[in-house]
Amino acid sequence: MGLKPIGDRIIVRREAAEAKTSGGIILPDTAQNKPQKGEVVAVGPGRVKPDGTRAPMQLKAGDKVLFTSWAGDEFKDRGRDGEILVMHEGDVLCVIEG
Amino acid sequence: MGLKPIGDRIIVRREAAEAKTSGGIILPDTAQNKPQKGEVVAVGPGRVKPDGTRAPMQLKAGDKVLFTSWAGDEFKDRGRDGEILVMHEGDVLCVIEG
Amino acid sequence: MGLKPIGDRIIVRREAAEAKTSGGIILPDTAQNKPQKGEVVAVGPGRVKPDGTRAPMQLKAGDKVLFTSWAGDEFKDRGRDGEILVMHEGDVLCVIEG
Amino acid sequence: MGLKPIGDRIIVRREAAEAKTSGGIILPDTAQNKPQKGEVVAVGPGRVKPDGTRAPMQLKAGDKVLFTSWAGDEFKDRGRDGEILVMHEGDVLCVIEG
Amino acid sequence: MGLKPIGDRIIVRREAAEAKTSGGIILPDTAQNKPQKGEVVAVGPGRVKPDGTRAPMQLKAGDKVLFTSWAGDEFKDRGRDGEILVMHEGDVLCVIEG
Amino acid sequence: MGLKPIGDRIIVRREAAEAKTSGGIILPDTAQNKPQKGEVVAVGPGRVKPDGTRAPMQLKAGDKVLFTSWAGDEFKDRGRDGEILVMHEGDVLCVIEG
Amino acid sequence: MGLKPIGDRIIVRREAAEAKTSGGIILPDTAQNKPQKGEVVAVGPGRVKPDGTRAPMQLKAGDKVLFTSWAGDEFKDRGRDGEILVMHEGDVLCVIEG
C-alpha cells in the first residue's frame, strides 16, 4: 500500500465493528458509532518544528490503538474491503498492549 | 488491562453512580449526569514539549480524582462491567485524599 | 475534607444565597443567579510552566472572593449541606478584605 | 470598600445613566445600553508574566474611563446605591482627561 | 477633547455619510453601512510587549483613514454633532494621502 | 490614487467579472461569486514583528493575483468605475505569471 | 500554466471523479463528495518564519496526494477542462507512492 503520511499524520486501518479486544475493552455500544479502534499502518516523519527539525513520533506501524470519535479523514480500501483513516497522532488516545 | 495512554492522557475507571465519597462530596445530583469521580488506572509519559523533552505528569495510578463533566472518551470495560475514560490530565479537577 | 486541587485550580465554598457582604456588595440581584461569592478552601500547587517550574498562586485558603458567573465545576458537599466549586484561579475577580 | 482585584483586573464604579461628560461625549444613545463610562476605584497588581514578574498596570484609582459594552462582571453596591464592574484593564478604551 | 486612548487604541472621528474622497473612493454604497472613513483624533502609547516596552504606533493624529466595517466602539460627540470611534490600530486598513 | 495600506495589508483592483485569464483559469462559475482575481495596486510596509522590525512583503504593485473568496474589505472606486479590496497579504493564493 | 503559489500554499489538479488509485484506495463513496485526490502542480516557497527565513516545503510538483475534504479554494481550468485547488500544504494528508 503506497500511502506515505506527511507531517505528524498516521494511517490507521479501522477494526471491523464489535470485535472484542483483549481485556474486554470494546467501544461505546452506541449502535451508530463506528469502532474507535484499529491498527497503525504507517506513520509520518513528524511535525516540522519552528527550528526546522522534526518532533519525534510516539507510535509505529503495527501498534494497536484506541482513537477519538472524530479522528481523521476516512477512505475506503477496496483492496482489503475495509476502511483506512488518516489522522493526526494526537487523535490517538492509547496503545493496546498484549 | 493492556491500555497504555500516550502523551498527557490518563485512563480513569469511573466510579459507580451515587457512591458517597469520604467527607460527603458527591457529584451534582442532576440525575442524568454520570459521576465525575473515579480512580486513575494508568498515566501517559507526559506531553512532548517543543524542546523534545516530556512535561512531568502530576497524577499516578491509584489516585482517586474528580474530573470535569466533559472529560475524555468513554469505553465499556466488559471484563469488569464498568466504564473507562481516556482523558487529558488537565481535565482532572482535584485528587481526593484519605 | 480531603480534596487537593491540581495545577492552578482552587476549591471555593459558595456563600449561601443573598447574604450581604461588608460594604454592601451583593451579587447581581437577578433571582436565578447563584451567589458569585465564597471562601477559598484549598489552592493547587500552581500551573506547570514550559520550563517545568510552577507559576506562583495569588490566593490562599481563607480568602473571601468574588468570581465570574461561569466559574468552575459544582459539587454538593453533603457533609456541610452546601456547594463547593472547583475553578481556575483566573476565574476569581477579586478578594474581599476586612 | 474592601475589594482588591487580582491579576490585571480593575474595579470601576459605573456612572449614572445619561450624565454628559466634559466635551459632550456621551455613550451611544441606544436606550437599553447602560453607560460605558465610570471611575476606576481599584486596580490589581498586574498580570503574572511567564517569567513570574508582573506586567505594569496603565491605569490608577481615580481615572475616569470609557470601556467596551461587554466589559466585566457586574455587582450591586447597596452601600452607595450604584453598580460596580470588575473587568480586565484591556477592556478600557480610553481615559477621559480634564 | 480630553480622551486619551490606552494601549494600541486610537480615536477616529467618522466622516459624515456619502462624502466623496479624493480619487473617488467611497465606501460600499450599501445604504445601511455607515462610512468606514474618518480622521484620527488621538493615538494611544502603543501595546505593552511581553518585555514591558511599547510596540510603536504606525498612525498619528490628523491621518485620514479607511477602517473595517466592525471597527471599534461608537460614542456620540454632542459637542461637534458627530460620532467618534475608539478602535485598535489594527482595525485601520489604510491611510488616504493627499 | 492616495491609498497607503498599513501593516501587511495590500490594495487589489478586482478584475471585471468573467474575464478569462491566460491559461484558461477562471473563477468558480457560481454566478453569484465575484471574480477572485485582480491586480495589486499598493502594498503595505509589512507586519510589525515582536522585535519591532517589519516582516518582509512577498508581493509588489503590478502583480496579478488570485485571492480567497472572503478576502478583504470592499470599496467602490468611482474614479475608475470598479472595485478595490483592502486585504491581508495572507489572503492571496497565488501570483499569475505571464 | 502561470500560477505561482505564495507562502506554504500548493496547487493541486483534482483527479476526475471515481478513478481507482493503485492499491484500491478510493475516496469515501458518498456520492456528493468530490475526489480528495489529485496531483501537485506547483508548490510555494514556504511559510515565512518569525526570523524571516522560510519553513521548508515537504511536497513537490508531480506528487500524487490525498487531501482533506475542506481543502483549498477551487478554480475551473478551462484549458484542461478540470479543476485546480489552491490549498495550504498542511491540508494534504499523505503522498500516494508507486
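Calculation criteria
Residues numbered from 1 in each chain as written. Chains lettered and ligands numbered in written order. Predicted model: local features only at pLDDT ≥ 70, side-chain atom pairs only at ≥ 80, totals over all residues. Heavy atoms only, no water. Helix = DSSP H or I, 4+ residues; strand = E, 2+ residues; numbered from the N terminus. Buried < 20%, exposed > 50% of the residue type's maximum accessible area, 1.4 Å probe, protein only. Contact = heavy atoms within 4.5 Å. Areas by Shrake-Rupley, 256 points an atom, 1.4 Å probe, with all protein chains shown as cover. Buried area = accessible area lost by both parts, 1.4 Å probe. Salt bridge = Lys/Arg side-chain N within 4 Å of Asp/Glu carboxyl O. Polar contact = N/O pair within 3.5 Å; in protein donor to acceptor, adjacent residues only side chain to side chain. Nonpolar A, V, L, I, M, F, W, Y, C, P; charged D, E, K, R; others polar. Pairing = 2+ DSSP bridges. Lys, Arg positive; Asp, Glu negative; His and termini not counted.

Attention shifts here to the overall build of chain A. Scanning chain A from terminus to terminus reveals zero helices and eight strands. In chain A, the succession of helices and strands from N to C terminus is β-β-β-β-β-β-β-β. For chain A, the residues scored as buried account for 48% of the 98 residues in total. Relative to all contacts within chain A whose residues are 6 or more apart in sequence, the contacts with residues 24 or more apart total 62%. With the model as given, the accessible surface of chain A reaches about 4600 Å², and the carbon-plus-sulfur share is 51%.

Next up on the list: the interface of chain F and chain E. On the chain E side, the residues contacting the 23 residues of chain F number 25 residues. Of the roughly 2000 Å² buried between chain F and chain E on both sides combined, carbon and sulfur atoms contribute 60%. Remark: the boundary between chain F and chain E carries one salt bridge. Across the pair E:E97 and F:K4 runs a salt bridge, and its minimum N-O distance is 3.9 Å. For the pair chain F and chain E, the interface holds 10 residue pairs in polar contact (both at pLDDT 80 or more).

In this complex, chain A contributes 23 residues to the contact, which on the side of chain G involves 25 residues. A buried area of about 2000 Å², summed over both sides, lies between chain A and chain G, and 60% of it is on carbon and sulfur atoms. Broken down residue by residue, the surface that chain A buries against chain G is led by A:I6, A:F75 and A:K76, which jointly contribute 30%. If you look at where chain A meets chain G, you find one salt bridge. Among the elements of the structure, β1 (3-5), β2 (9-14), β6 (73-77) and β7 (82-88) of chain A are those that each provide at least two residues to the side of chain A that touches chain G. When residues of the side of chain A that touches chain G are assigned to their parent elements, the largest contribution, five residues, is made by β6(A). Partitioned by chemical class, the residues of the side of chain A that touches chain G number 10 nonpolar, four polar and nine charged. Where β1(A) meets strand β8 (residues 92-96) of chain G, three bridges bridge the pair, whose relative direction is antiparallel. Paired with A:K4 across the two strands is G:V95, which belongs to β8(G).

Let us now look at the environment of E:E74. Residues and elements named next belong to chain E. Structurally, the position occupied by E74 is in strand β6 (residues 73-77). Each C-alpha atom, one on E74 and one on V86, is 6.6 Å from the other, the two residues being 12 residues apart in sequence. A polar side-chain atom of E74 sits 2.6 Å from a polar atom in the side chain of K34.

Now for the side chain of F:T68. Along the chain, the position of F:T68 falls in the loop between β5 (64-67) and β6 (73-77). Apart from the residues lying within four places of it in its own chain, the contact partners of F:T68 are F:Q36, F:D91, F:L93, G:R9 and G:D73.

Residue and element names in this part refer to chain B. Of all the five residues making up strand β8 (residues 92-96), five are buried; the element is thus mostly covered by neighbouring parts of the structure. Two elements, strand β5 (residues 64-67) and β8, share three bridges in a ladder whose sense is antiparallel. When the sheet's bridge partners are listed, F67 is paired in β8 with V92.

With three bridges connecting them, strand β4 (residues 37-43) of chain B and β5(B) associate as antiparallel partners. The residue of β5(B) that forms the bridge with B:G38 is B:V65.

Turning our attention to the environment of F:G46. All names here are of chain F. Along the chain, G46 falls in the loop between β4 (37-43) and β5. Residue G46 is classed as buried on the basis of its relative accessible area of 0%. Expressed as a C-alpha distance, the spacing of G46 and D8, which sit 38 residues apart in the sequence, is 4.3 Å.

Counted under the stated rule, the structure contains 70 salt bridges over all chains. Here D:K34 makes a salt bridge to D:E74, at a shortest N to O gap of 2.5 Å. With a gap of 40 residues between them, D:K34 in the loop between β3 (25-26) and β4 (37-43) and D:E74 in strand β6 (residues 73-77) connect regions that are remote in the sequence. For D:K34, a relative accessible area of 39% corresponds to the partly exposed category. Where salt bridges share partners, they join A:R14, A:K34, A:E74, A:K76 and A:E83 into one cluster.

When you line up the elements, D:R9 lands in strand β2 (residues 9-14). Buried charge without a partner: D:R9 forms no salt bridge, and the closest opposite charge is D:D73, 5.3 Å away. In contact with D:R9, not counting residues within four places along its chain, are C:T68, C:G90, C:D91, C:V92, C:L93, D:V43, D:G44, D:M57, D:V86, D:M87 and D:H88.

By the element assignment, D:A61 lies in the loop between β4 and β5 (64-67). With 20 residues separating them along the chain, D:A61 and D:V41 place their C-alpha atoms 4.9 Å apart.

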